[in-house]
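A look at the structure
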Amino acid sequence: MVLDIVEQLLLPLGMYNSYRHGYDRGLLSSFCVSSTPCCVYQVELDQEKGLEMRKWVLSGILASEETYISQLEALLIPMKPLRAAATTSQPMLTIQQIETIFFKVPELHEIHKDFYDGLLPRVQDWGHQQCVGDLFQKLASQLGVYRAFVDNYKVAVETADKCCQANAQFAEISENLKVKSSKDCKDQSAKNSLENLLYKPVDRVTRSTLVLHDLLKHTPSSHPDYPLLQDALRISQNFLSSINEEITPRRQSMTVKKGENRQLLRDRFMVELVEGSRKLRHVFLFTDLLLCAKLKKQAAGKGQQYDCKWYIPLADLTFQTIEDCESTPIPLVQDEEIDAMKIKISQIKNEIQREKRTTKGSKVIERLRKKLSEQESLLLLMSPNMAFRVANRNGKVSGFTFLISSDYERAEWREIIREQQKKCDFSLTSLELQMLTNSCVKLQTVHTIPMTMNKEDDESSGLYGFLNVIVHSASGLKQSLNLYCSLEVDSFGYFVNKAKTRVYRDSTEPNWNEEFEIELEGSQTLRLLCYEKSCNKIKQSKEDGEMTDRIIAKGQIKLEPQTLQNKDWQRTVIGMNGIDVKLSMKFTSREFSLKRMPSRKQSGVFGVKINVVTKRERSKVPLIVRQCVEEIERRGMEEVGIYRVSGVATDIQALKAAFDSNNKDVSMLMREMDVNAIAGTLKLYFRELPEPLFTDELYPNFAGAIALSDSVAKESCMLNLLLSLPEPNLVTFLFLLDHLKRVTENEGINKMSLHNLATVFGPTLLRPSEKDSKILNSPQPISMNDSWSLEVMAQVQVLLYFLQLESIPAPDSKRQSLLFSTEV
């Protein structure tokens, strides 16, 4: 924002006579019979003379509009050849520079051309009852375009200056822009500089407000135009005041009554559920209302514009419970569909990286980026499933439902709305709503969907690997609570719950000291939520139809690669709502987390080849696998997120040590452990095998077979490969497969589908050893995530294929005896 220029604009209205000289050749100046401010207003005119004055004022406005339109056209003239040259091998300016310098000029020209074309015939056919107020009202409602122009003015001038210094040809053009003059002027093509012409719209804002004062003064209060002109003047004055009082231009829009500022508090892309369909919306939360808008479809070359879908004054906004509304079932999207979108995104990003290393130019990359934008928009639309319902207590519509992916975000919206409801005041006319909606393009702080394509550096958009997090303790609680913490990280633009601590009961200073290992997939943020565990089994008052425990506090921390790459534990404190939670974090990059490390101690089970373990134990399936499965089936089949939610790392390490030392009390130890720790131990066993369960030798064949398009050939190939596995590997896999299918029988409770389980176990069972990994042996940097993502997704698809088969032929007819035999 150019505050020094704005200060010049906002001269006291008493000095408006000197400003009226700016209405070039306008007849309005002929009435300035004295240099004394407001001398015209001091002369009492009868109604007849006043109405005639209206015509003279309007004639002056027409003359001024004609000049202003010519000035805007002088700016538009060089735009077309500059745009055409931008696509050639020797561009004068880039498309971005052109759009920055001439920002909103076409829209301003269109607005004033429409205004002029509407006003001219009315003035030519003048009568005492002729109305023009609707034209001025419409013009005032479009001031949001001026907001955008003024906000961009400083950048536009700076960009133009830099381009002039870098390109002599453009400098010549910018100093000799021709403005067509009126017919009665001898010089039909006056020359102006680009900088002077760019200042004209900035100057115009105040001039338009001043002439409304003139026009209103000479309009009788009984005339139909009077209330319309009053409304236009009020909107214009509010607009000027909001610019003058502005400190952060993106976060203010206009003033409301008594000069109170309407400010933008936050905006987000969100998914709205409309008659069972998902719709992408841009939601704007102002200090006094919640506005839901959608981007209009624009013709080529047109800028973004918003349509208002609905709004709710914050004073009337309520959060709905499922009992308060006719709840529409949330249309769930299959995990396979979500995974297919992720695969496409990774494939397109891979292609973009390849194109960057070639000399084919930017056109191919632009096409790929457009495809990427479409896929990521689709993923954003389809991924969230958590309801956030709002309603207008005085409205006719029952309510509105948004779908979001994180309890953290839902709590954020509730908190900021509730806080603002304590002090909000509301007033909004239909014209102000139109103006506010028009201004949203410039007011938005979130300009693009929150996906990886929007990062400056495509090769460093997040961390890949494992993050170890120790949740130590919390302090600052004012009363004893039953408290637990939940951890979330982002992946592909939305957040996923990864771990939670045990409930620490009746304490103001809970000490969990629990460690979790969280897999990161392009993650940039770690979120922490503290919940109070509800001990009341009676159905509580619920918001959004969710039986959730109460969020006491929440906070987040950026996962900075520079801080975490040093491999040491990093201690930090997350402060939130007066509560401080102490954490320690340690990151292991994908380069090291992908390695399968054989154990030096062959007497144990972790890191030891599966055939060695089964031979030693005289069993077809390793004892650790059988015991973990039995314990999970005993008490973990209804655990929400079983195998997905991380167990406590210290518990997992304790179980690992017990199994490695052949501790006879391991069964008793397991009974005392949280079931997620047992699930984590089982996953860790498969992850630390020196060779994957599907073997290094057969892995490339599995990856090739899953990509076959012929279903018959795929089934034959996949089954033959499976039955080619060594016997301990095959039998262990079949045993695990049966268990995982039983887990999904409780999907309605544990929320673990076949696809969820394939996502968890696919890389664990198939990821090859370092020597056979395409990614680890790739010449590309390990931070390049898309090839790795595609390989991981292929591993998921292999396991999912077998999980979805109704039956798998056993290597012989005695499958049950083979599975549970204790003989070698």
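What comes next concerns the included structure. Note that the coordinates shown come from a computational prediction; the quantities given were computed from them, not determined experimentally. (Residues numbered from 1 in each chain as written. Predicted model: local features only at pLDDT ≥ 70, side-chain atom pairs only at ≥ 80, totals over all residues. Heavy atoms only, no water.)

**Quick look at the pairing of strand E19 (residues 579-589)**
In this sheet, E19 lies alongside strand E11 (residues 463-475) in antiparallel orientation, the contact comprising 10 bridges. In the sheet register, Ser 473 faces E19, and the bridge partner there is Lys 582. Both strand E18 (residues 570-576) and E19 contribute to a ladder of seven bridges, which runs antiparallel. Bridging across to E19, Arg 571 finds its partner in Ser 584. (Pairing = 2+ DSSP bridges. Helix = DSSP H or I, 4+ residues; strand = E, 2+ residues; numbered from the N terminus.)

**A closer look at the packing of aromatic side chains**
All chains considered together, the criterion is met by 18 aromatic pairs. Look at Phe 115 and Phe 136: their rings are 5.1 Å apart centre to centre, the planes differ by 75°, and that puts the pair in the edge-to-face class. In this pair, Phe 115 sits in helix H6 (residues 105-124) while Phe 136 sits in helix H7 (residues 133-141), placing the two residues 21 residues apart along the sequence. Comparing Phe 115 with Phe 136, the two get one shared label, buried. Members of the aromatic cluster, joined through ring pairs, are Trp 310, Phe 319, Phe 388, Phe 400 and Phe 402. For Lys 500, the ring lying beneath its charged end belongs to Tyr 484, and the centroid distance is 5.7 Å. (Phe/Tyr/Trp six-rings, centres within 6.5 Å; stacked < 30°, edge-to-face > 60°. Buried < 20%, exposed > 50% of the residue type's maximum accessible area, 1.4 Å probe, protein only. Lys NZ or Arg CZ within 6 Å of the ring centre and 35° of its normal.)

**Re the pattern of salt bridges**
Under the defined criterion, the tally for this structure stands at 19 salt bridges. Linking Arg 502 and Glu 514 is a salt bridge whose minimum nitrogen-to-oxygen distance equals 2.5 Å. Of this pair, Arg 502 sits in the loop between strand E13 (494-500) and strand E14 (504-507) while Glu 514 is found in strand E15 (residues 511-523), placing the two residues 12 residues apart along the sequence. The class for Glu 514 is buried, based on a relative accessible area of 3%. Of the charged contacts in the structure, one is a salt bridge between Glu 631 and Arg 635, with a shortest N-O distance of 2.6 Å. You can see Glu 631 and its partner Arg 635 sitting in helix H19 (residues 623-635), four residues apart, about one turn around the helix. The class of Glu 631 is buried, set by a relative accessible area of 7%. Salt bridges sharing partners connect three or more residues here, namely Glu 631, Arg 634 and Arg 635. (Salt bridge = Lys/Arg side-chain N within 4 Å of Asp/Glu carboxyl O.)

**Brief notes about the sheet that holds E15**
Across the sheet, which stays open at both edges, the four strands sit in the order E15-E11-E19-E18 with antiparallel pairing between neighbours. Each having just a single partner strand, E15 and E18 make up the two edges of the open sheet. Neighbouring strand axes in the sheet, compared pairwise and without regard to direction, differ in orientation by 30° on average. Sheet topology note: the E11/E15 ladder contains 10 bridges and is antiparallel. By the bridge assignment, Phe 466 is partnered in E15 with Glu 519. (Axes fitted to C-alpha atoms, helices over the stretch in contact; angles between N-to-C directions.)

**Topic: helix H4 (residues 79-86)**
For H4, the set of buried residues is Met 79, Leu 82, Ala 85 and Ala 86. All buried residues of H4 fall inside an arc of 130° around its axis, so they share one side. (Arc of directions from axis to C-beta.)

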